[in-house]
Structures are given as C-alpha cells and as structure tokens.
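Examination of the molecular architecture
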Amino acid sequence: MSLTAGIVGLPNVGKSTLFNAITKKNILAANYPFATIDPNVGMVTVPDKRMDTLVDMYTPLSVVPTMFEFTDIAGLVKGASTGEGLGNKFLSHIREVDAICEVVRCFEDENITHVEGAVDPIRDIEIINIELILSDLEIVENRINRIEKKAKTSREKDVVFEYELMVRIRDSLQKNVPARFLEYSKEELEILKPFNLITMKPFIYVANIKESDINSENKYVEKVCDYAKSENAEVVVLCAKIESELSELTDDEKELFLEELGIKESGLDKLINATYHLLGLATFFTAGEKEVRAWTFKRGMKAPDCAGIIHTDFKRGFIKAEVMSYDDLVKYGSEKQVKETGKMRLEGKEYIMQDGDICYFRFNV
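I will try to describe carefully the structure that is included in this document. Source: prediction; values computed, not measured.

Once that is clear, we can look at the state of the cysteines. Here is the idea: a disulfide is a covalent bond, and it sits between the sulfur atoms of two cysteines. This structure, assessed with the given rule, holds zero disulfides. Free cysteine Cys359: the closest other cysteine sulfur is in Cys306, separated by 7.4 Å.

Further remarks concern helix 2 (residues 49-58). Taken residue by residue, helix 2 has Arg50, Met51, Leu54 and Tyr58 as its buried positions. Axial view of helix 2: buried residues confined to an arc of 100°, hence all on one face. Relative to its buried face, helix 2 has exposed residues pointing more than 90 degrees away, namely Lys49 and Asp56.

Attention now goes to unusual backbone geometry. A positive phi angle is found at Asn196, which is not glycine, with a value near 50°. A relative accessible area of 28% means that Asn196 is categorised as partly exposed. Positive phi, close to 60°, is recorded for Asn232, a residue that is not glycine. With respect to the helices, strands and loops of the structure, Asn232 is situated in the loop between helix 7 (219-231) and strand 7 (234-238). Asn232 gets classed as exposed once you look at its relative accessible area, which sits at 75%.

This part is about the pattern of salt bridges. All chains considered together, the criterion is met by 20 salt bridges. In this structure, the salt-bridge partner of Glu231 is Arg180, at a minimum N-O distance of 3.6 Å. On the criterion of sequence distance, the pair formed by Glu231 in helix 7 and Arg180 in the loop between helix 5 (157-174) and helix 6 (186-192) is long-range, its members being 51 residues apart. As a salt-bridge pair, Lys315 and Asp305 come within 2.8 Å of each other at their nearest N and O atoms. Highlighted residues: Lys315 in helix 12 (residues 312-316) and Asp305 in helix 11 (residues 303-310), separated in sequence by ten residues.

We now examine the packing of helix 4 (residues 121-153) against helix 7. Between helix 4 and helix 7, whose axes approach to 9 Å, the crossing angle comes to 40°. In terms of axis orientation, helix 4 runs oblique to helix 7. Note on element contacts: helix 7 touches helix 4 through Tyr220, Lys223, Val224, Tyr227 and Glu231, opposite Pro121, Ile122, Ile125, Glu126 and Asn129.

Before going further, it helps to examine helix 5. The first and last C-alpha atoms of helix 5 sit 26 Å apart over 18 residues, in line with the 26 Å expected at 1.5 Å per residue. Where helix 5 is buried, its residues meet helix 4 and helix 6. At the exit of helix 5 stands Asn176, carrying a positive phi of roughly 65°.

Conventions adopted
Residues numbered from 1 in each chain as written. Predicted model: local features only at pLDDT ≥ 70, side-chain atom pairs only at ≥ 80, totals over all residues. Heavy atoms only, no water. Disulfide = S-S within 2.5 Å. Buried < 20%, exposed > 50% of the residue type's maximum accessible area, 1.4 Å probe, protein only. Helix = DSSP H or I, 4+ residues; strand = E, 2+ residues; numbered from the N terminus. Arc of directions from axis to C-beta. Salt bridge = Lys/Arg side-chain N within 4 Å of Asp/Glu carboxyl O. Axes fitted to C-alpha atoms, helices over the stretch in contact; angles between N-to-C directions. Parallel < 35°, antiparallel > 145°, perpendicular 65-115°, else oblique. Contact = heavy atoms within 4.5 Å. Expected span 1.5 Å × (residues − 1).

So yeah, pure geometry; function would need other evidence.
In structure tokens:
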C-alpha cells in the first residue's frame, strides 16, 4: 500500500529528530528554521509481535514485516499559506500525504530556539491549523468562483450539487472549522477526492517532551490532550531525543534501556501503530517454510483485492482463499490442528479480509 503519514510542526519542535529515529536515517536536524526544505521520505517497519510467533512456528527462510511511509515536512511558520518561509512549497508536500502527525513542543530549553519566542503548545497547534485552513480555503474559493455562474444559471444537477458542497465547506473553513469535522455522503467524498484538502486528513498530535519528564506529569502535555479531546484526536507522548537514542540500539539493548526508563513500549512504536490504524490499515499474513510475510491492506477490502496486493495475477485469477485467523493458530498450536478442528475456512470473492488473517490464495490465470 502506498499510503503516507506526514510529520509536520513549527520549526525546532523535534520533527527531524523524530524522523531520524523512525527511519534510522541521518537527515539534517539543525537548530534553525528551514533546516529541512525537501520532504524526506522513509519506510518504517510496523512493530507486530504476531510476526515473532509465526516465525517461531514456521522457522521460515525469510521474514518480511509490513511497512509504510513517513514523510518529514519542513517546519511551517505563521503566514505559510501566503508564502512565508517557503510555506506554499511545504503546504503542497502536506497535501500529498494521507494522514498528519503534528509534532508539538512540550518542553522548555533555552538552548533550542522557539520560532515564536516561547513554549505554548496550543498557540503552536492553532498556528499550524490556521495555515492549513487558509490553504484549503483558497482552493475551495477558487473552485466556487469557477462553477458559481454555471450552478446558478444552467441548474445542471451535478454542478449545483458540487457548488452547494463547496459553499458548505467554505463556510466551515471561514469559522476556522477543518473540513474533516463535517459529514459527507459517498458522492460528496468522490467529488472532494481530487482537491486533496489538507484539513480533510486525519490527525495525530505528537507531544514531544524532555528526558526528565518521561515518567512525570507535564502541564503542556495536559493542554495538548485537552485540545485533542475536543477534536476526538489521539495524542502520542514521547521524547524524540530518547527515541533517537533507542533507534541506535539492538533489540536486546533497547529492551534493557526501556526497562531502566520504566517504559513498556517506546513512543515510536506507539506512534507507528497509532498512525497505521489512523490510516485505516490492517495486516494479513502469508506463512510457510519459505517465508513469513506481513501484508498491509485497507480495512474493508475484499479477498481478491488483498490477493492483488501480492500479485495482480492473484486478483485476476482469484478462485478462493484458504483462511485461518492468527488467534486460532495460536490457540490450536499448528496449522494442522487448525485444519483438523475445522477452523480453516474457504472464502470467496465477497469475503472481507480481517486483521490477523493468515491466507493462502487459490488462483488460475
């Protein structure tokens, strides 16, 4: 799946440090605005303990986890929608991602410049949100101007329908309400798809804290959580600096470090899993002696479409899918036992794939 999550925020909030940790890439992380200009794209592995169990059961020759893209986008500043700080270029990069992880600075450090002069996470969030809203408002108003005359004179059904939709979104944006907070029909979503509105994209807020706050309460984090709750958005709390250090360690060293910190799961693992689910993604597996592999699919996809993720021929010649659930495999201890207890199923073209399904696709081309 070619879905992408974009990391955004004001300059110097820890975006590039976080991206370094996520992708283990050594991109430029500098203490001045616009250290990142072109978006850095990296593939990340989705942590999934089920893979370890499958590998133990099948002892395969190769193991391929599921992955998806994170994009680090340069820091936005106030006025980005009118071109401030190369803003238009940055906004175009955000428009290309499928979900947004907004990094918010929740720590004070006199050695790290804050572009707005002081730490205030809610102000920072609102600066970013206003710029995204203004960028979408320009697109929506341009479209209204193009179709308004035709909608009012010709009364063509499709044109009127689109015009009324655009006016509804414009009115919402003018009240500083992002487009994602409105409700849409399937037909309306189809019309909106080509416009790629930024404020339609799902959001996660990433509260970046300092090392000393890793097991402590943080007044800034509390504010971010209250704000996110009002939007029904998720907050992931992490220390980008610690995550960067963790990314350099082996799995065993990482486990010991987390234990010393008193943490069960790294912030990065939480963020990757949260973003994976935010994008509406899930995982099915293929497993055997040659390979154990995880495959990413969009929730709601049917078996032939999931087969097509492996190879287009699998979809074209799809006959049936042999399916067992991961939970059944663990419960009964082996594929053979799953079959003998009647828990291995033959599913047809209308079967909706479930997270954790282990599949063998029958096809004929």
